[in-house]
Amino acid sequence: MMKVKLLNPWLVWGIVTVALVAYFSIPLFYEDGDKSVFLTGETTHGHYQIEMQCNACHLSEFGGQEALQESCVNCHGDELKRAKDSHPKSKFTDPRNADRTAILDARFCVTCHTEHNQEVVGQMGLTLPEDYCIKCHEDIEEDRVSHKDLGFETCATSGCHNYHDNKGIYEDFLLKHVDEPIVHSPAKSKPLKGRRQQGDVLTLQDIDAPESLKYEQLIHADWLETTHAQQGVNCSDCHQVKDKATNIATWITKPDHKVCSDCHKEEVDGFLDGKHGMRLKQNMSPMTPAMARQDMKSTAGHKELGCQSCHSAHRYDTKQAAVTACQNCHDDDHTNAYEDSPHYSLWVKASTGQIDSREGVSCASCHMPREIRKNNVGEETIVVQHNQNDNLRPNEKMIRSVCMDCHGLEFSIDALADAELVKRNFKGKPSKHIQSMDWARSRVETK
Amino acid sequence: MKVSFKKGLLTAAMAGLVTVGVTGCGGGESASSGVTPQTMADSLFAVMESDRTTYTKLIIGRLAVKEKVIKASEHWEDEKALVLPAQMFRYGAERVAEKTDKFSYSLLSLWPINKQNAPKSDIEKEGLKYIADNPGKNFYGEETLGGQKYYTAMYADVAVAQACIKCHNEHKDTPRTDFKMGEVMGGVVIRIPLEL
C-alpha cells in the first residue's frame, strides 16, 4: 500500500500566514500602493482621488472620531472660517445644546458627511441627510410665516439656506440687494493687479541657462514676452533648485509646483486644495483626466495635472489657461455649451479688444475667480483662487464671489437654481424663481 | 491689558475647578481654602460684566452712538463696522469653549432678538424670570444636561447705555420695544461642570 506523505500542517499554516501578511501589508509601505482591499466602501467624489492615501484621513489607527475630525479640519478648517461657518462646533459643545447634540452630534463632520458609503452620496458628491435642519428649527414657522408647510427637505435648496456658508443668502443681505437689475452697468470682474516689480527687466543677453543645454529657441521668445522676463525672473530662478539639506544647486528640466510656490504661494496653495492638485498635496502621483469620475475627453486621459498643464511653461498665456486648458480635458454639457453662451460672446469681444478685458467671462472667471484679500496691515492683493472647488458646491457659494460682479442678486439666485440653464451654460433665462427675496421683502414690509 | 485679563480669567477658572473637585458643590463658602463654584462663577461674571460694560460704553456708546464716527452692525464684516456687544460676548464665549470645557457661558433673554437665545431648560426659564423680577439678585442652581451635572449661575444683564435700548427696541426681530435704561434685558448664564 502506498503511503501519501502529507506536508507538515504547521509549515503550511506558516507559509499561508506569511503570504497573507505580505499581501496585505506591502501596499501600506508605498505612497501609491494599491490599498483598495482596505476600502470599506466606495469613496465620495471629494475624496476618491486620495483614497489610497489612507492616513490623509485616518491619522491614527486608534484615534476614533476625534482623529477623523482633526483630519477634516486640517483640510477644510480654513475654508469654514472664511465662510463664517454658521454652525461652528462651539454651538454644539455648549451644555445648553446637549439635547440637540444627542439628536444630531454636529461636533463631528462625519455625523452628516459619512465616507465609504456611496449609497447615500447626494448630488454634491458627499453624504448629507435631508432632515438635519428640522432637528433644531422645527418651530421656524412661528418666526417665518412664509415657511409654513414647507417640506423639511427644502431648507437647503438653492438660494435658501446653507448650513455652513450663508454669506450670500442671509436675510439682510437679500434686503440690501432687492430690485437690482439682471445685469449691472458696468458689469466687470475684479481687476487683476500686477505684482510689485521684483527685479530689472531681462533681455536675451541676460539668459543664464547653461550654454551646454539644448532646447528650442522658441522658449526664448515665450519667456521674453511674459512677465517673468519683465520681472527679472531668469532661467535659473526656476530651473536651478537648491537642496535644502546640502545647499547644492541642481539644474532641473521640469520644475514642479513647489518651485512655482516660491513666488505664487497663494495660487499654488489653492491648486493643492482643489481637485486638480489634491493628489500632489498628498505626495501622490499627479491627477489625470483618466482618473476623473466626470466626463473627460479621452484624448486628454493621461495628461498629468500641474501648473504647466494649464499654463504652458514659458508661455504662461492666461487666456489659454482660462478657457482652452479647461476645454482640452472637460467634456460635460456645461463645458461643451460654453461656446454657444452669452458669456463666451463677451469673452471673444474682450479677447479681441472690442470691450474692456474685465467684461469677458471665461471658465476661470467663475470657477477660479479673482479674490480681493487684505493682509494684517490692510494691504490689498488680488489673488486668483486656484481651488476650482472653492465655490462649486452648493453653487450659491458662487453668488458673492462671482455672479454679483455682473448680475443682480435675485437673478443670480434664480439662474443658479435652474439646473437645465446651468447645463446650457446660461444661454436663455431662468425658468425657476426662488422666493427667498420676496419673503424677505414682505416680512420687512409687514413689520 | 486684554491678554492679562484673559489669563486671569482662565487661571480663576482652573483654580475654581480644582477646588470644585475637592470641596464638592455647595453654594456657600467652604471650610477649605479653595474657591466654591459660586465664588468662581461670581468672579467670572465680575470680569465678563466689566468687560462687556466697558465695550458697550467706551466703544459702541462713544464711537457709534455719540461721536458717530463708525457704525456698529450685526453684519460687521460686510459693513466694515464695529461688532455688536452681544456678538463680542458670544465670540469670547466661543473662544473660551475652544480652550476649555471647565466652564461655559452664554447670554440669554426672555425677549431675545435671536430666538435661539431664549431660555430652554427649566432652570434657564426659572432663573431668567427670577433675575428679571428681583433686580440686583443673582440666581444659583444645579442641573443635569446630557448626563453631566452643572452648577449654573445666572446674573442680570442690564441696559447700561442708550445703544442697548435703541438697538433692541428698534430691531426688526425684537419681541419687545419698550426697554428703558437700567432695566434687566436678559441674563448671563455660567455653567461649571460638577463631579457626579
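Colleague: It is not clear to me how the overall build of chain A should be interpreted in this structure. Could you clarify?
Modeller: For chain A, the count of helices and strands is 21 helices and four strands. Relative to its 447 residues, chain A shows a buried fraction of 36%. Sequence-distant contacts, at least 24 apart, represent 56% of the contacts inside chain A between residues at least 6 apart. Taken as a whole, chain A presents about 27200 Å² of accessible surface, with 56% of it coming from carbon and sulfur. Each charge class in chain A can be summarised by its mean position, and for the 51 positive and 67 negative side chains these summaries are 1 Å apart.

Colleague: What should I look at first to understand the interface of chain A and chain B in this one?
Modeller: The figure often quoted for interface size is the accessible area lost as the parts come together. If you look at the interface, chain A gives 26 residues, while chain B gives 23 residues. Carbon and sulfur atoms supply 39% of the area buried between chain A and chain B, which totals about 1800 Å² over both sides. Where chain A packs against chain B, one counts nine salt bridges. For K172 of chain B, the salt bridge identified is with E171 of chain A, shortest N-O distance 3.3 Å. Where chain A meets chain B, there are 15 residue pairs in polar contact (both at pLDDT 80 or more). Sorting the residues of the side of chain A that touches chain B by element identifies α3 (89–93), α4 (98–103), α5 (134–137), α6 (171–176) and α21 (436–445) of chain A as the ones contributing at least two each.

Colleague: Is there a simple way to think about the pattern of salt bridges in this case?
Modeller: As a working rule, side chains carrying opposite charge can pair if their charged atoms are close by. Counted according to the given criterion, the structure contains 42 salt bridges over all chains. The shortest N-O distance in the salt bridge between K427 of chain A and D340 of chain A comes to 3.0 Å. Taken together, the residues span a long stretch of sequence, with K427 of chain A in the loop between α20 (419–423) and α21 and D340 of chain A in the loop between α15 (333–336) and α16 (342–351) at a distance of 87 residues. Residues K129 of chain B and D133 of chain B are paired through a salt bridge, measuring 2.7 Å at the closest nitrogen-oxygen approach. In this pair, K129 of chain B and D133 of chain B are both assigned in helix α5 (residues 122–133), four residues apart and thus about one turn of the helix distant. By sharing partners, the salt bridges in this structure join R144, E171, D172 and R443 of chain A together with K172 and D173 of chain B into a single network.

Colleague: Explain the sheet that holds strand β3 (residues 148–158) of chain B here, please?
Modeller: Strands pair in a sheet through their backbones, by hydrogen bonds, and they do so in one of two ways: parallel or antiparallel. Residues and elements named next belong to chain B. Read across the sheet, four strands follow the order β1-β4-β3-β2 without closing on themselves; strand pairing throughout is antiparallel. One side of each edge strand has no neighbouring strand; the edge strands of this open sheet are β1 (104–108) and β2 (139–145). Across the sheet, the mean angle separating the axes of adjacent strands is 25 degrees when strand polarity is ignored. This element, helix α4 (residues 85–99), spans β1 and β4 (184–194) of the sheet and lies at about 160 degrees to β1.

Colleague: What exactly am I supposed to notice about the confidence of the model for chain A here?
Modeller: Caution applies to low-pLDDT regions: their predicted coordinates should not be interpreted in detail. The pLDDT averaged across chain A works out to 91; a share of 98% of its residues lies at or above 70. α5 of chain A is the least confidently modelled element of chain A, averaging 87 in pLDDT, while α15 of chain A averages 98, the highest of any element.

Colleague: Hey, could you run me through the domain arrangement of chain A in this one?
Modeller: Per the domain assignment, the segments making up chain A are domain 1 (57–111) and domain 2 (197–255). Centre-to-centre, using C-alpha coordinates, domain 1 of chain A lies 46 Å away from domain 2 of chain A.

Colleague: Just to check I follow, could you spell out helix α11 (residues 265–273) of chain A for this structure?
Modeller: Since there are 3.6 residues in each turn of an α-helix, residues three or four apart along the chain are aligned in direction. Within α11 of chain A the residues assigned to the buried category are E267, V268, G270, F271 and L272 of chain A. On its buried face, α11 of chain A is in contact with α10 (257–261), α12 (278–281), α13 (307–311) and β4 (380–384) of chain A.

Colleague: Any chance you could explain the packing of helix α2 (residues 37–66) of chain B against α4 of chain B here in plain terms?
Modeller: Two packed helices can be described by the angle between their axes and the distance between those axes. Residues and elements named next belong to chain B. In the contact formed by α2 and α4, the axes pass within 10 Å of each other and the chain directions differ by 140 degrees. Helix-helix and strand crossings are classified by hand; for α2 and α4 the assignment is right-handed. Residues M48, R52, Y55, T56 and I60 of α2 form the contact with α4, whose own contacting residues are P85, A86, M88 and F89. Classifying every residue of the contact of α2 with α4 gives seven nonpolar, one polar and one charged.

Colleague: In this structure, what is going on with the side chain of R96 of chain A? I would like to understand it.
Modeller: Positionally, R96 of chain A belongs in the loop between α3 and α4. What makes R96 of chain A buried here is its relative accessible area of 7%. Within the local environment of R96 of chain A, its side chain forms a polar contact with the backbone oxygen of A118 of chain B, the two atoms lying 2.8 Å apart. For R96 of chain A, the residues in contact, after removing those within four places along its chain, are S106, L108, Q116, A118, P119, K120, E124, L145 and R191 of chain B.

Colleague: Would you mind going over the packing of aromatic side chains with me for this structure?
Modeller: The description of an aromatic ring pair uses the distance of the two centres, along with the angle that the planes make with each other. Here the structure, examined in full by the defined rule, presents 14 aromatic pairs over all chains. Here the aromatic rings of W10 of chain A and W13 of chain A are separated by 6.2 Å at their centres, their planes lie at 80 degrees, and the arrangement is edge-to-face. Here W10 of chain A and its partner W13 of chain A are both found in helix α1 (residues 9–25), three residues apart, which amounts to about one turn of the helix. W13 of chain A matches W10 of chain A in its accessibility class, with the two residues each being exposed. Seen from their ring centres, Y140 of chain B and Y155 of chain B are 6.2 Å apart, and the 85 degrees between their planes marks the pair as edge-to-face. In this pair, Y140 of chain B sits in strand β2 while Y155 of chain B sits in strand β3, placing the two residues 15 residues apart along the sequence. The class for Y155 of chain B is buried, based on a relative accessible area of 1%. Aromatic rings pair up to connect F45, Y140, Y151 and Y155 of chain B into one cluster. Over the face of the ring belonging to F89 of chain B we find R52 of chain B, whose NZ or CZ atom lies 5.5 Å from the ring centre.

Colleague: It is not clear to me how the pairing of β2 of chain B should be interpreted in this structure. Could you clarify?
Modeller: On a regular strand, each side chain points to the face opposite its neighbour's, so the side chains alternate between the two faces of the sheet. Residue and element names in this part refer to chain B. The two faces of β2 differ: F139, G141, E143 and L145 on one face are buried, but Y140, E142 and T144 on the other face are not. Both β2 and β3 contribute to a ladder of seven bridges, which runs antiparallel. Bridge pairing in β3 links E143 to Y150. The hairpin turn running from β2 into β3, its antiparallel successor, is two residues long, and G146 in that turn takes a positive phi close to 55 degrees.

Colleague: Can you help me understand helix α6 (residues 162–170) of chain B in this one?
Modeller: Every buried residue of α6 of chain B is accounted for by A163, C164, I165 and N169 of chain B. On its buried face, α6 of chain B sits against α2 and β4 of chain B.

Colleague: I keep staring at the confidence of the model for chain B and nothing clicks. Help me out?
Modeller: Residues and elements named next belong to chain B. Per-residue confidence for chain B averages 87 on the pLDDT scale, and 83% of its residues sit at or above 70. When the criterion is pLDDT under 50, residues 1–28 qualifies, and its contacts beyond four places in sequence or with other chains add up to 43 contacts. This prediction of the complex comes with two scores: 0.87 for pTM and 0.83 for ipTM.

Colleague: Is there a simple way to explain the layout of surface pockets in this structure?
Modeller: The rolling of a water-molecule-sized probe over the atoms marks out the regions of remaining empty space. Residues and elements named next belong to chain A. Taken as a whole, the second largest pocket spans an internal volume of roughly 250 Å³. What lines the second largest pocket is D237, C238, Q240, V241, K242, K244, I252, D256, K258, V259, S261 and D262. Counting only elements with at least two residues in the lining of the second largest pocket, the list comes to α9 (235–239), β1 (240–242) and α10. A class-by-class count of the residues in the lining of the second largest pocket yields four nonpolar, two polar and six charged.

Colleague: When you look at the nonpolar core in this model, what are you seeing that I'm missing?
Modeller: Across soluble globular proteins, nonpolar side chains have a tendency to be buried as a group. Counting residues in hydrophobic clusters, the biggest one holds 20 residues, and the most contacted among them are L174, M398, I399, L409 and I413 of chain A. Sorting the residues of this core by element identifies α6, α18 (397–401), α19 (409–417) and α21 of chain A as the ones contributing at least two each. No other element matches the four residues that α19 of chain A contributes to this core. Those residues in contact with M398 of chain A that lie beyond four places of it in its chain are C366, H367, N391, L392 and C403 of chain A. Counting 18 residues, the second largest nonpolar core, distinct from the first, contains M40, F89, F103 and I190 of chain B.

Quick notes on the rules
Residues numbered from 1 in each chain as written. Chains lettered and ligands numbered in written order. Predicted model: local features only at pLDDT ≥ 70, side-chain atom pairs only at ≥ 80, totals over all residues. Heavy atoms only, no water. Helix = DSSP H or I, 4+ residues; strand = E, 2+ residues; numbered from the N terminus. Buried < 20%, exposed > 50% of the residue type's maximum accessible area, 1.4 Å probe, protein only. Contact = heavy atoms within 4.5 Å. Areas by Shrake-Rupley, 256 points an atom, 1.4 Å probe, with all protein chains shown as cover. Lys, Arg positive; Asp, Glu negative; His and termini not counted. Charge placed at Lys NZ, Arg CZ, Asp CG, Glu CD. Buried area = accessible area lost by both parts, 1.4 Å probe. Salt bridge = Lys/Arg side-chain N within 4 Å of Asp/Glu carboxyl O. Polar contact = N/O pair within 3.5 Å; in protein donor to acceptor, adjacent residues only side chain to side chain. Pairing = 2+ DSSP bridges. Axes fitted to C-alpha atoms, helices over the stretch in contact; angles between N-to-C directions. pLDDT = per-residue confidence, 0-100. Domains from an automatic or database assignment. Left-handed = near helix turned anticlockwise from the far one by under 90°. Nonpolar A, V, L, I, M, F, W, Y, C, P; charged D, E, K, R; others polar. Phe/Tyr/Trp six-rings, centres within 6.5 Å; stacked < 30°, edge-to-face > 60°. Lys NZ or Arg CZ within 6 Å of the ring centre and 35° of its normal. 1 Å grid on protein atoms, 1.4 Å probe; cavity = no way out; pocket = protein on both sides within 12 Å on 5 of 7 lines; lining within 4 Å. Points joined across faces, edges and corners; volume = space filled by probe spheres on them. Core = buried A, V, L, I, M, F, W, Y, C linked by side-chain atoms within 4.5 Å.

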